[in-house]
Amino acid sequence: MRIIEQFIKGKASDEALCEDILLVTDDFIAIIDGVTAKGCRLFNGKPGGKAAAEAVCEAIKLFPKDISVLDAVCRITEKVSSLYESNEEKGCAAAGAIIFSIARKEIWNVGDCQCIINNTKHLHEKEVDRIYSQKRAEILENAIKNGATQEELLINDIGREAILSQLKTQHQYANKECNLGYAVFNGTPIPESMITTYKLSAGDTIVLASDGYPELCESLAESEEKLQLQLKNNPLCDGDYRSTKGLQKNSTSFDDRAYVRFIV
């Protein structure tokens, strides 16, 4: 296995706030994406997304090199679950992850991280995010038709405000096998059917990334170029690319991002 390039960058100027993690060990490569907290509950002084991402990272570091995907998911779930002081809190800290097992030559995905396997993209988008992003975009589009400017909406994102209550209750679909269900490490059991596994072969070229790239490409430079074009031409993220949030004040992007490209 040979790493070609890797990169991680937080959306805020303070990199300590970044909730993405890029982990490379002798046995695993992982991109971990902490879910932005919708409330103020802290875990050891950290927002839920960052606390969960760090818990996932610590669990992976302790994996035996030949661990199976189901055992891996179980161990990560237990680690995240240990963040909670009561059952009522479960779901408040969450993270997605995409993990490459060197020994098994497998990629395991839980959540909406992305990958490219020999030129084929796998985006793992969540239906619930697509619906809320569409609703936000419609609200912003209507506001612009009625005279609001892009600059005003970047300061006061009324579309985000309109869907915030739904975002706060979105965890009800986490790890549920239903139309809006999605997989995430939040301390609750993840159905096997919601875990994606890809078998690889020696010589395969792989890209793993968080969902901070609106268009994932086969090189870091091109992925970054596409992101910068997006930020310049559609900072509200309400056009061809739609998100539940846009570019916020004092941020360099709409989300944290992490990227690694390697050859198996």
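Here, every reference points to the structure presented above.
Before going into details, it helps to say that this report is about the structure given with it. Nothing here was measured: the structure is a model prediction, and the numbers come from that model.

### Observations concerning the sheet that holds strand S9 (residues 120-122)
Taken in spatial order, the 5 strands make up an open sheet running S1-S12-S11-S8-S9, and their pairing is antiparallel. One side of each edge strand has no neighbouring strand; the edge strands of this open sheet are strand S1 (2-9) and S9. Strand-to-strand twist across the sheet, computed as the mean angle between neighbouring axes with direction ignored, equals 10°. Where strand S8 (residues 114-117) and strand S11 (residues 205-209) come together, 4 bridges link them in antiparallel fashion. From the neighbouring strand, Ile117 faces S11, where its bridge partner is Ile206. Relative to the sheet, helix H6 (residues 220-233) contacts S1 and strand S12 (257-263), its axis offset from that of S12 by approximately 155°.

### Observations concerning helix H2 (residues 69-81)
With 13 residues, H2 extends 18 Å from end C-alpha to end C-alpha; this agrees with the ideal 18 Å at 1.5 Å per step. Against helix H1 (48-61), strand S6 (95-101), strand S7 (106-110) and strand S10 (196-199) lie the buried residues of H2.

### A closer look at empty space enclosed by the protein
Inspection of every chain in the model, using the stated rule, returns 1 cavity of 30 Å³ or more. Approximately 30 Å³ is the volume found for the largest cavity. If you go around the largest cavity, the residues you meet are Ala72, Val73, Ile76, Ala97, Ile99, Trp108, Val110 and Phe185. Secondary structure elements with two or more residues in the lining of the largest cavity: H2, S6 and S7. Per-element tally for the lining of the largest cavity: the top contributor is H2, with 3 residues. Looking at the lining of the largest cavity residue by residue, the class counts come to 8 nonpolar, no polar and no charged.

### Structural notes on the packing of aromatic side chains
Evaluation of the coordinates by the stated rule reveals 6 aromatic pairs. Seen in terms of ring centroids, Tyr213 and Tyr259 are 5.9 Å apart; in terms of plane orientation they differ by 75°. Their pairing is edge-to-face. Of this pair, Tyr213 sits in the loop between S11 and H6 while Tyr259 sits in strand S12; the two residues are 46 residues apart in sequence, bridging distant segments of the chain. Aromatic side chains Tyr241 and Phe254 sit 5.5 Å apart centroid to centroid with 45° between the ring planes, which places their arrangement in the tilted category. Of this pair, Tyr241 sits in the loop between H6 and S12 while Phe254 sits in the loop between H6 and S12, and the two are 13 residues apart along the sequence. Assessed through its relative accessible area of 2%, Phe254 is described here as buried. Members of the aromatic cluster, connected to one another through ring pairs, are Phe28, Phe63 and Trp108.

### What to know about the pairing of S7
Along S7, 5 of the 5 residues are buried, which leaves the element largely enclosed by surrounding structure. The side-chain alternation of S7 yields two buried faces, one formed by Glu106, Trp108 and Val110 and the other by Ile107 and Asn109. Here S6 pairs with S7 via 5 bridges, running antiparallel. The partner of Ala97 across the bridge, within S7, is Val110. Once S6 ends, the chain turns through 4 residues before running back antiparallel as S7, passing Lys105 with a positive phi of about 50°.

### Focus on the environment of Lys65
Tracing the backbone shows Lys65 in the loop between H1 and H2. Expressed as a C-alpha distance, the spacing of Lys65 and Ser101, which sit 36 residues apart in the sequence, is 7.6 Å. Residues contacting Lys65, with those up to four places away along its chain left out, are Asp27, Phe28, Ser101 and Ala103.

### Some details on the pattern of salt bridges
Counted according to the given criterion, the structure contains 14 salt bridges. For Arg75, the salt bridge identified is with Asp71, shortest N-O distance 3.3 Å. Residue Arg75 and its partner Asp71 are both found in helix H2; the two are separated by 4 residues, about one turn of the helix. Glu127 is the partner of Arg130 in a salt bridge, and the nearest nitrogen-oxygen pair spans 2.8 Å. Pair noted here: Arg130 and Glu127 are both in helix H3 (residues 127-145), with a separation of 3 residues, about one helical turn. One salt-bridge network, in which partners are shared between bridges, spans Lys46, Lys50 and Glu54.

Definitions and cut-offs
Per-chain numbering applies: the sequence of each chain, read as written, is numbered from 1 onward. Only residues with pLDDT of 70 or above have their local features reported here, since the model is predicted, and side-chain atom pairs are shown and tallied only from 80 upward, although totals for entire chains, interfaces and linings are computed over all residues. Where side-chain values are given, they derive from all heavy atoms of the structure, hydrogens and water being excluded. Only strands joined by at least two bridges in the DSSP assignment are considered to pair. Helix numbers and strand numbers start at the N terminus; a helix is a DSSP run of H or I with at least 4 residues, a strand a run of E with at least 2. Helix axes are fitted to C-alpha atoms over the stretch in contact, other axes to C-alpha atoms as well, and angles between N-to-C directions run from 0 to 180 degrees. Should any heavy atoms of two residues lie within 4.5 Å, those residues are considered in contact. By this rule the span expected of a helix is its residue count minus one, scaled by 1.5 Å. Definitions used throughout: a 1 Å grid over protein atoms alone; a cavity as a set of points that fits a 1.4 Å probe which cannot get out; a pocket as an open set with protein on both sides within 12 Å along at least five of seven lines; a lining residue as one with an atom within 4 Å of a point. Grid points are joined across faces, edges and corners, and a volume is the space filled by probe spheres set on the points. The residue classification treats Ala, Val, Leu, Ile, Met, Phe, Trp, Tyr, Cys and Pro as nonpolar and Asp, Glu, Lys and Arg as charged. All others, Gly included, are polar. Pairing of aromatic rings covers Phe, Tyr and Trp, the last counted by its six-membered ring, and requires centre-to-centre distances within 6.5 Å; plane angles under 30 degrees mean stacked, over 60 mean edge-to-face, and any other angle means tilted. Only protein chains enter the accessibility calculation, which uses a 1.4 Å probe; a residue whose area is less than 20% of its type maximum is buried, one above 50% is exposed, and one in between is partly exposed. Within this document, salt bridges are pairs made up of a side-chain nitrogen of Lys or Arg and a carboxyl oxygen of Asp or Glu, the two lying within 4 Å of each other.

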